[in-house]
There are 2 protein chains.
Amino acid sequence: MRECSPLHKERLNYKPKLAGILANGIKNVKISFGKNTTAVKDAADIQNLFKDVYGQPLVSFSNEGEALNFEQKNVGVILSGGQAPGGHNVIAGLYDALKAANPNNVLYGFLGGPSGIIDNKYVKFDDNFIDKYRNTGGFDIIGSGRTKLETEEQFEKTLQNCKTLNINAIVIIGGDDSNTNACMLAQWLKAKNAGIQVIGCPKTIDGDLKNDQIEISFGFDTATKTYAELIGNIQRDANSAKKYWHFIKLMGRSATHVGLEVALQVQPNITLISEEVEAKKQSLESIVDYITDIVVKRSDMGKNFGVALIPEGLIEFIPEMKTMISNLNDILAVLEKDEKFVNAQNSEKYQIIESKLEGQNAKVFNSLPEMIKAQLLMDRDPHGNVQVSKIETEKLLIEMVRARLKALKAQGKYNGKFSDQAHFFGYEGRCAMPSNFDADYCYSLGYNAFALIQAGLTGYLSSVKNLTAPATQWKAGGVPLTMMMNMEKRHGVMKPVIQKALVDLNGPVFKVFEQRREKWALNDCYVFPGAIQYFGPCDVCDTTTLTLQLEQQKVPVAQN
Amino acid sequence: MRECSPLHKERLNYKPKLAGILANGIKNVKISFGKNTTAVKDAADIQNLFKDVYGQPLVSFSNEGEALNFEQKNVGVILSGGQAPGGHNVIAGLYDALKAANPNNVLYGFLGGPSGIIDNKYVKFDDNFIDKYRNTGGFDIIGSGRTKLETEEQFEKTLQNCKTLNINAIVIIGGDDSNTNACMLAQWLKAKNAGIQVIGCPKTIDGDLKNDQIEISFGFDTATKTYAELIGNIQRDANSAKKYWHFIKLMGRSATHVGLEVALQVQPNITLISEEVEAKKQSLESIVDYITDIVVKRSDMGKNFGVALIPEGLIEFIPEMKTMISNLNDILAVLEKDEKFVNAQNSEKYQIIESKLEGQNAKVFNSLPEMIKAQLLMDRDPHGNVQVSKIETEKLLIEMVRARLKALKAQGKYNGKFSDQAHFFGYEGRCAMPSNFDADYCYSLGYNAFALIQAGLTGYLSSVKNLTAPATQWKAGGVPLTMMMNMEKRHGVMKPVIQKALVDLNGPVFKVFEQRREKWALNDCYVFPGAIQYFGPCDVCDTTTLTLQLEQQKVPVAQN
């Protein structure tokens, strides 16, 4: 009936704002080199692993400095990992810069993620193709994938396919892992003197790819605004109907930036922060106590409703759960080969498992609701581990709070009504149409990536900074990927990785949240952000996250 | 930190567009009377029950006809039932008309729904109060509730409290049931010659309060746009990641207008329509067959992903399930007094239930996944019935499709991968900030309700029509509530009710869907509506639902 929604049609014509100097056109961009860099930690190991790309200087673009080299370039681009709003605009910005530099330049898109470059599956972009995807959400322009580029064999195939297509540079749009692999590829190609550059772009809705040089990963702004819209709506519903407690799990396994940003935007009654749970070594029991206490206090005030935000990865941050799950993984690895166990009823399985778990772990397992025990026994992931993302943590907490309330009621300490609704938000935000901020930021990141290519650089991450200022004042440049790395244990082996940014419990964002959460718990300070707006007043359409504004001290820290 | 989001702040200043004649100001509105009316069915019974308000004429407002009477009026307003976007604007429109007519007029808001007028809990509105709620979502301005106004005692208290406050008219904002009760109250007050008028306003996100006179219930536009935003985003994610089947349950127990409207907006692979399931007497098995067939065909095309929309009330429309649940309700009513049963393990309970269910019903029960059996045994509703809204129909279908696929795989007829994600959307849309359409429509409905009051009418529903045209061409008037009624069996007793509009399988909306669904199933015709926009081009911000456009033949029925 329709091929395109009215908003979609309008967005295709949106002209993203380019960062500062880039708006003058790619031909007017000049480059300056800063000091040489090191690594955030384990510098010697990182240098050893990335001999040829380690320690390069920070670079910045402006109208002063060395001119770029405008020889003809063919570039290949890859989308890697989970979707994030704005990926299409990175490609559009890259394409526009490339064509502005030289109409004979060619941009290839490798299909289905990193596997596309190994299997030589690609498309060649032209205006018609790109124009259909400008300012749209999703990664469907070329698809994405989770293949890791890391083996010698993969690198060989990559080189071979790039040679066939006469590709001079590869742009990898991905998160911390994908960019670590981008750097490995850059190192390998440089060592081979292959003449093929590799540039990364910082993507992830989780918001954990950030540091002194990368202010925000793209997609975080749009995704958190989408979740905040929904949760604001649910808060308004809770406050109108006054009869439900909504427990809302939010996507994000490792860091709680999403939960924290959404909490600042909507001001719910309860927000759990995984990093705090881990730092304070909170037990499941103490978390249930914390929630129950607020439920009871609100009920005493006549308010049998509320909203609680739960980070998806929570249970892995609760020390006792982490230990129990690790023990359980070992036990199940053996039991899954035991036919008698495999064919047993769930209730028998629980008994067998409890008898095999170590003392404290058995106690923890036994304390869980049946539904959660069943989820812990479901199919393992490819590494043989419990699929934590399949655990309905929001329902686990609901069940445990309900049991606690029942006990309190029996003791005459609670006289309320607890009706629950459970939600999980994730897929709703990963492919939303990018906000103006993400549309502009991504377009600039892509455009900037091409400037880094023309500067002849490799092993760099595209960097656009000063993002709480208007786009005319954004600063464009590049960061050596090794600068952000350290060594971490992965599956028992020390590996170089870009350091993940977890929520800093001493940082300004958490501090503001911490100051206010007690008030938000009992009073109803709900804020209703509403849907993302693309047209209209600037402060409605163009401002970025509260997280970034607080980090850059752009939000007056007034009381509320 | 913030009291109000930037969009919220902007929306407080939005000036809703008033329907045609109403924009000239309440003092310039004149009234014309149409022919006397009957009832949609069972006219004699309806007349007998509503002697004093039955058969009144349709009325319309324009600049010709009789002038209204502008004596001083005090009015009380009630929000009844579930939230719908725009409720605050009905009250704002009512307030503005009332104050424009005479600054000494007073508007009272009864708190917490119909119980507020019985218990005499109210607020008195003034400009400051109203201004904080203009164009916002939710019913939190005065709260809502589900108390039914229907007993003599309730009516007596209502009369008494209205007399104390010197109230001349009551406006009830609600769905079909609430407006039926509004009419009962109108009749009772008229028979008592109490001099208190009752006017209704058509609210429900379900979209089932509509007929020749009422084109759409308010909230349906905003709620469906919100769900379409989310489902469009999920489709884009499915089409990017290409690895998940998303089964999405949508709020709405009785009718599938929400599902149908959303389907037209986003063009998913599968949409189930409860009315069709009932009309064609489809079994659960045949529904699972239908879904499985599409999953297999798509998989054969290399597409192991898709999106399926499931109406919340589906299982009550599947004849065999309906019969089984009714049998189960009877059995559980007895068993729940049996201590041995109550304390039994779930697996024992299932055996006991199966032994007591009638033959075919036992077979149906037995065919269900364990999770669903457990949900069927959960707490009953206050009438002793299974709480159908607690049944995770989306997961039921996932489990049954998965089992079918496993069997097909064993037979070598399917070679794909089926990874699922389940979602339920409802609370996300009920309190969204009203779209421009709902903001304008609701404001007009409230303003118009006051014109009906000044015309001295009672037992009328506020009616604003011609809604696919610009607001300047909207037509304002009133419909006698009895005109929309018939007699239906409720809990075994025949009762007068406003006839619910179910999806018309011969109507233009379903026909368009039916023509296209086969194509949508296998091809990816996904449309991405994006977030509701309040500023910007007219066709992005101001147009209403595809359902209404198709009903009024405003959509060119092109092929897609």
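Read on for an overview of the structure. Everything numeric in this text was worked out from a predicted model, so none of it was measured.

Quick word on the overall build of chain A
Scanning chain A from N- to C-terminus turns up 23 helices and 16 strands. At 25 Å, chain A has a C-alpha radius of gyration in line with the 24 Å of a compact globule built from 560 residues. The dimensions of chain A, computed from C-alpha atoms along their principal axes, are 80 × 60 × 55 Å. Counting only residues that meet the buried cut, chain A has 63% of its 560 residues in that class. Summarising the internal contacts of chain A: among those between residues at least 6 apart in sequence, 78% fall at separations of at least 24. By element, 47% of the accessible surface of chain A is carried by carbon and sulfur atoms, the whole surface being about 21,000 Å².

With respect to the interface of chain A and chain B
Across the contact, 67 residues belong to chain A and 67 residues belong to chain B. Together, the buried faces of chain A and chain B total about 5,400 Å²; carbon and sulfur atoms form 53% of this surface. Joining chain A to chain B, the criterion identifies six salt bridges. One salt bridge connects A:Asp237 with B:Arg430, and the closest N-O pair in it is separated by 2.7 Å. Where chain A meets chain B, there are 28 residue pairs in polar contact (both at pLDDT 80 or more). Looking at the side of chain A that touches chain B, the elements with two or more residues in it are helix 1 (6–12), helix 8 (220–241), strand 12 (420–425), helix 19 (427–430), helix 21 (508–522), helix 22 (538–541) and helix 23 (546–551) of chain A. Broken down by element, the side of chain A that touches chain B gets its largest block of residues, 10 residues, from helix 8 of chain A. Here the residues of the side of chain A that touches chain B are counted per class, giving 29 nonpolar, 21 polar and 17 charged.

Some details on the environment of B:Gly65
All names here are of chain B. Positionally, Gly65 belongs in the loop between strand 2 (57–62) and strand 3 (66–67). Sequence spacing of Gly65 and Phe33 is 32 residues, and the spatial spacing of their C-alpha atoms is 8.6 Å. When sequence neighbours within four positions are dropped, the list of residues in contact with Gly65 reads Lys30, Ile31 and Ser32.

Points about the relation of the copies chain A and chain B
Laying chain A over chain B is done by rotating through 180 degrees and shifting 0.0 Å along the axis; what remains is an RMSD of 0.0 Å. Taken together, the rotation and translation describe the operation of a two-fold axis.

Comments concerning the pattern of salt bridges
Tallying each qualifying case throughout the model produces 58 salt bridges over all chains. Ionic pairing is found between A:Asp221 and A:Lys225, a salt bridge with its closest N-O pair at 2.8 Å. Here A:Lys225 and A:Asp221 lie together in helix 8, a separation of four residues that amounts to about one turn. Accessibility expressed as a relative area gives 17% for A:Lys225, which makes it buried. With its nearest N and O atoms 3.8 Å apart, the salt bridge here joins B:Lys322 to B:Glu278. With B:Lys322 in helix 13 (residues 319–335) and B:Glu278 in helix 10 (residues 274–279), this pair connects stretches of sequence that are 44 residues apart. The partly exposed category is assigned to B:Lys322, whose relative accessible area is 46%. Sharing partners across several salt bridges, the network here consists of A:Lys148, A:Asp177, A:Glu488 and A:Arg490.

Some thoughts on helix 6 (residues 152–165) of chain B
Residue and element names in this part refer to chain B. For helix 6, with 14 residues, the first-to-last C-alpha span of 20 Å sits near the 20 Å given by 1.5 Å per residue. Buried within helix 6 we find Gln154, Phe155, Thr158, Leu159, Asn161, Cys162 and Leu165. Next to the buried residues of helix 6 lie strand 4 (74–79), strand 5 (106–110), helix 4 (115–118), strand 6 (122–124), strand 7 (169–174) and helix 7 (176–191). Phi turns positive, to about 60 degrees, at Asn166, one or two residues after helix 6.

Concerning the packing of helix 8 of chain A against helix 8 (residues 220–241) of chain B
At a minimum axis separation of 12 Å, helix 8 of chain A and helix 8 of chain B run at an interaxial angle of 145 degrees. Crossing of helix 8 of chain A over helix 8 of chain B shows left-handed handedness. Of the residues in helix 8 of chain B, those touching helix 8 of chain A at A:Thr226, A:Glu229, A:Leu230 and A:Asn233 are B:Thr226, B:Glu229, B:Leu230 and B:Asn233. Residues belonging to the contact of helix 8 of chain A with helix 8 of chain B are distributed by class as follows: two nonpolar, four polar and two charged.

Rules behind the numbers
Each chain carries its own residue numbering, running from 1 in the direction its sequence is written. Naming scheme: in the order in which they are written, chains are lettered from A and ligands are numbered from 1. Local features are withheld for residues below a pLDDT of 70 in this predicted model, meaning they are given only at 70 or higher, and side-chain atom pairs are given and counted only at 80 or more; totals for whole chains, interfaces and linings count all residues. Only heavy atoms go into the side-chain values, all of them from the structure, while hydrogens and water stay out. A helix here means a DSSP run of H or I that spans at least four residues, while a strand means a run of E at least two residues long, and both kinds are numbered starting from the N terminus. Here the globule rule reads 2.2 Å times residues to the power 0.38, and the radius of gyration is calculated from C-alpha atoms. Residue burial is assigned from relative accessible area. The probe radius is 1.4 Å, only protein chains are included, and a residue is buried under 20% of its type maximum, exposed over 50%, and partly exposed in between. A contact between two residues is defined here by any heavy atoms of the two lying within 4.5 Å. Residue burial considers only the protein chains on display, and all accessible areas are found by Shrake-Rupley using a 1.4 Å probe. Accessible area, probed at 1.4 Å, shrinks when two parts are joined; the buried area is that loss added up over both. Definition used for salt bridges: Asp or Glu carboxyl oxygen within 4 Å of a side-chain nitrogen of Lys or Arg. N or O atoms closer than or at 3.5 Å make up a polar contact, with two conditions inside protein: a donor-capable atom paired with an acceptor-capable one, and, for residues adjacent in sequence, both atoms drawn from side chains. When residue character is reported, Ala, Val, Leu, Ile, Met, Phe, Trp, Tyr, Cys and Pro are called nonpolar, Asp, Glu, Lys and Arg charged, and the others, Gly included, polar. Residues reaching a pLDDT of at least 70 in both copies supply the C-alpha atoms on which the copies are superposed by least squares. One fewer than the residue count of a helix, multiplied by 1.5 Å, yields its expected span. Working convention: axes come from line fits to C-alpha atoms, limited for helices to the stretch in contact. Angles between N-to-C directions cover 0 to 180 degrees. Here a crossing is taken to be left-handed if its near helix is turned anticlockwise relative to the far helix by less than a right angle, and right-handed if that turn runs clockwise.

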